[in-house]
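# Coordinate analysis (summary)
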Amino acid sequence: MKADCDLFIIGGGVNGCGIARDAAGRGLSVILAEKGDLGSATSSSSTKLFHGGLRYLEYFEFRLVRESLIERERLLRAMPHISWPLRFVIPHDPVAVTSQGTGPFPWQQGRRPAWMIRTGLFLYDNLGGRQLLPGTRTLDLSSSQEGKPLSDRFIRGFEYSDCWVEDSRLVVLNARDAAARSAEVMVRTIVRKAQRQGGLWEIEIEDAETGSCSIRHARALVNAGGPWVVEILESRLGLTTPSRVRLVRGSHIVIRRLYDHPKCYLLQGTDGRVVFTIPYESDFTLVGTTDTDHADPDITPECSPEESRYLLDIVNQNFRKEVGSDDIVWTYSGVRPLHDDGAGRASAVTRDYSLELDVEGGAPVLNVFGGKITTYRKLAEQALDRLAPFFPSLPGRWTADAPLPGGGFPVNGAEKLVADLIEDYAFLSDALARRLVRAYGTEARLVLGNAGRAEELGPDFGAGLTGSEVDWLVDQEFARSSEDILWRRSKLGLRLEQIDVAALESHIESRRSQTSRVGSS
């Protein structure tokens, strides 16, 4: 029996695509199967941050925070088009409030005292060898721009750094880079079952769109199924494990822009939780997240009325401007598959990850439990380290200094890319040029091609989305539907009308049909 690949990966979230990229870059033949769209579950539903996890210091997870802080700047260098620095303001409430929190420490039962915030920020500044990002400073909220939107009870605040990341694009770019290194990336592909046969994994897959089935054979298997990791392990692979994931739903609301400046706020609730407000897509503010146990990964997560109310209440407790349900323009929720450590509260469950290798019966399978978006690259490295004994000639680590597609420019180089793009494509508006650079970086020129006029980019679907860009997303970024494009590879769904969406869907079908005919000829 001959292997079709060295490594077969189940799951096209950030961990699965990160492992595929790392493995393909080391010369392994790789197949990745994702049952839906890339990043369509947990990995597209985060708070969009590369961060060390300031709150994790309360639980003494110093190793995780240090690793995350180191990765934060490493990732920023690798993808300065889809990641950029942000400044976060923590308003300090001089009134210590305690309520119904159930954490083991006093500060998890209410708002943190100033000494604790300062101590945490000192550690945050210094644990990870910070080089690119500015450090912490104290703010006078009574006279600064940061204090103007806030309740007048806030006199003092603290400001620190973290980074934004376009989470869905992060997943897609890892998949693109894996494919460029000869990995086979299959979306809408369901793994029905897998079993060990003759020293290999025999894997039955089904095309979710056509229903056709086929068999693949692999020397090793990675189960990066996220919320479904245990179900895959037990039901599809026929194995057992004592490990469990705790499914925790994180919900977000997007409201009309709450304030004018570009900084974010970290708000403390009286229950010990924290909520972020982040400028979002120019005209909006992202507010999140919640931590609520979620019973079943097959139940689509949705932001409940209670969660929306909770987030609105946090905003109204801290800002002068009153917001209500009418100000919500969109909500989204994701299920985090956290490695179950027995914590009482969902918000206290570790964000660390665990890699479990099963070699009984010959061919290895590596199961991925937990993790967070900031540590995906490190997780992938460690996954390959665990699998290295089965591939004796496997080269060493390589991703630490390797940019993702479109990311080969300096961290502070986005403005120059925008200016150069407008100079060479004079028909572009400043807003569209910025969006294209933030999405595609140096590859924006490939999206635009040789167009000399806007009309040469094909149909205009609204908000600057053209046929040329859609064709790129279908041909190069595995997009199959309008939802893939409008809510994952971009957030243009916030701006398009339904008639535009219908026209877009028709164009995608036509492009896919055309590509299929060319591929089969």
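Look up: the structure comes first, before these words.
As the structure is a prediction and not an experimental result, all values here were calculated from the model.

Procedures and definitions
- Throughout this description, residue numbers start from 1 for each chain and increase along the sequence as written.
- Since the coordinates come from a predicted model, pLDDT governs what is reported: local features require at least 70, and pairs of side-chain atoms require 80 or more to be given and counted, while whole-chain, interface and lining totals use all residues.
- With hydrogens and water stripped out, all remaining heavy atoms of the structure feed into the side-chain values.
- A run of H or I in DSSP becomes a helix once it reaches four residues, and a run of E becomes a strand once it reaches two; helices and strands are each numbered from the N terminus.
- Comment: axis = line fitted to C-alpha atoms, over the contacting stretch for helices; angle = value between 0 and 180 degrees taken between N-to-C directions.
- What sets the label is the angle itself: under 35 degrees gives roughly parallel, over 145 gives roughly antiparallel, 65 to 115 gives roughly perpendicular, and the rest give oblique.
- What makes a crossing left-handed is the near helix being turned counterclockwise from the far one by less than a right angle; a clockwise turn instead makes it right-handed.
- Residues count as neighbours in contact if any of their non-hydrogen atoms are within 4.5 Å of one another.
- Residue polarity follows a fixed list, in which Ala, Val, Leu, Ile, Met, Phe, Trp, Tyr, Cys and Pro are nonpolar, Asp, Glu, Lys and Arg are charged, and the others, Gly among them, are polar.
- Working rule for helices: expected span equals 1.5 Å times residues minus one.
- To sort residues, take the accessible area from a 1.4 Å probe on protein chains only and compare it with the maximum for the residue type: under 20% means buried, over 50% means exposed, and anything in between is partly exposed.
- Within 3.5 Å is the distance limit for a polar contact, defined as a pair of N or O atoms, with the added protein rule that one can donate a hydrogen and the other accept it, and that residues adjacent in sequence qualify only through two side-chain atoms.
- When DSSP finds two or more bridges between a pair of strands, those strands are recorded as paired.
- Any carboxyl oxygen of Asp or Glu that lies within 4 Å of a side-chain nitrogen of Lys or Arg is treated as forming a salt bridge with it.

## A word on unusual backbone geometry
A cis amide bond links Gly288 with the next residue in sequence, Thr289, at an omega value of 15°. The residue Thr289 is located in the loop between β14 (284-288) and β15 (292-293) in this model. Positive phi, normally seen in glycine, also occurs at Lys48, with a value near 65°. On the secondary structure map, Lys48 appears in the loop between β2 (30-33) and β3 (49-50). Of note, Ser282 is a non-glycine position whose phi angle comes to about 70°, a positive value.

## Describing the packing of helix α1 (residues 14-25) against helix α4 (residues 167-180)
Helix packing for two helices is described by the angle between their axes and how far apart those axes are. With their axes 8 Å apart at the nearest point, α1 and α4 run at an angle of 25° to one another. As the angle between them shows, α1 and α4 are arranged roughly parallel. Remark: the crossing between α1 and α4 carries left-handed chirality. Across the interface between the two elements, Val14, Cys17, Gly18, Ala20, Arg21 and Ala24 of α1 pack against Leu170, Val171, Asn174, Ala175, Asp177 and Ala178 of α4. Residue composition of the contact of α1 with α4, grouped by class: eight nonpolar, two polar and two charged.

## Points about helix α7 (residues 376-387)
Structural remark: α-helix, 3.6 residues per turn; residues separated by three or four positions point the same way. The terminal C-alpha atoms of α7, which comprises twelve residues, lie 17 Å apart, in line with the 16 Å expected from a rise of 1.5 Å per residue. In terms of burial, α7 is largely enclosed, as nine of its twelve residues are buried. Taken residue by residue, α7 has Tyr376, Arg377, Lys378, Leu379, Ala380, Glu381, Ala383, Leu384 and Leu387 as its buried positions.

## What to know about the side chain of Arg249
Structurally, Arg249 can be placed in strand β11 (residues 245-256). For Arg249, the side chain forms a polar contact with the side chain of Glu307, separated by 3.2 Å.

## Considering the pairing of strand β9 (residues 200-207)
Across eight bridges, the pairing between strand β8 (residues 189-197) and β9 is antiparallel. Residue pairing in the sheet places Ile190 in a bridge with Glu206 of β9. Here β9 runs beside strand β10 (residues 213-223); their pairing, made up of six bridges, is antiparallel. The partner of Ile203 across the bridge, within β10, is Arg216. Where β9 hands over to β10, the hairpin turn is made up of five residues, of which Gly211 adopts a positive phi near 80°.

## Considering the pattern of salt bridges
Enumeration over the complete set of coordinates arrives at 52 salt bridges. Residue Arg192 is joined to Glu206 by a salt bridge in which the shortest nitrogen-to-oxygen separation is 2.6 Å. In this pair, Arg192 sits in strand β8 while Glu206 sits in strand β9, placing the two residues 14 residues apart along the sequence. Note on Glu206: relative accessible area 16%, which makes it buried. Residue Arg397 is joined to Glu381 by a salt bridge in which the shortest nitrogen-to-oxygen separation is 3.5 Å. With Arg397 in the loop between α7 and α8 (414-424) and Glu381 in helix α7, the pair connects residues that are 16 residues apart, well separated along the chain. The partly exposed category is assigned to Arg397, whose relative accessible area is 45%. Glu381 sits in the buried class, given a relative accessible area of 3%.

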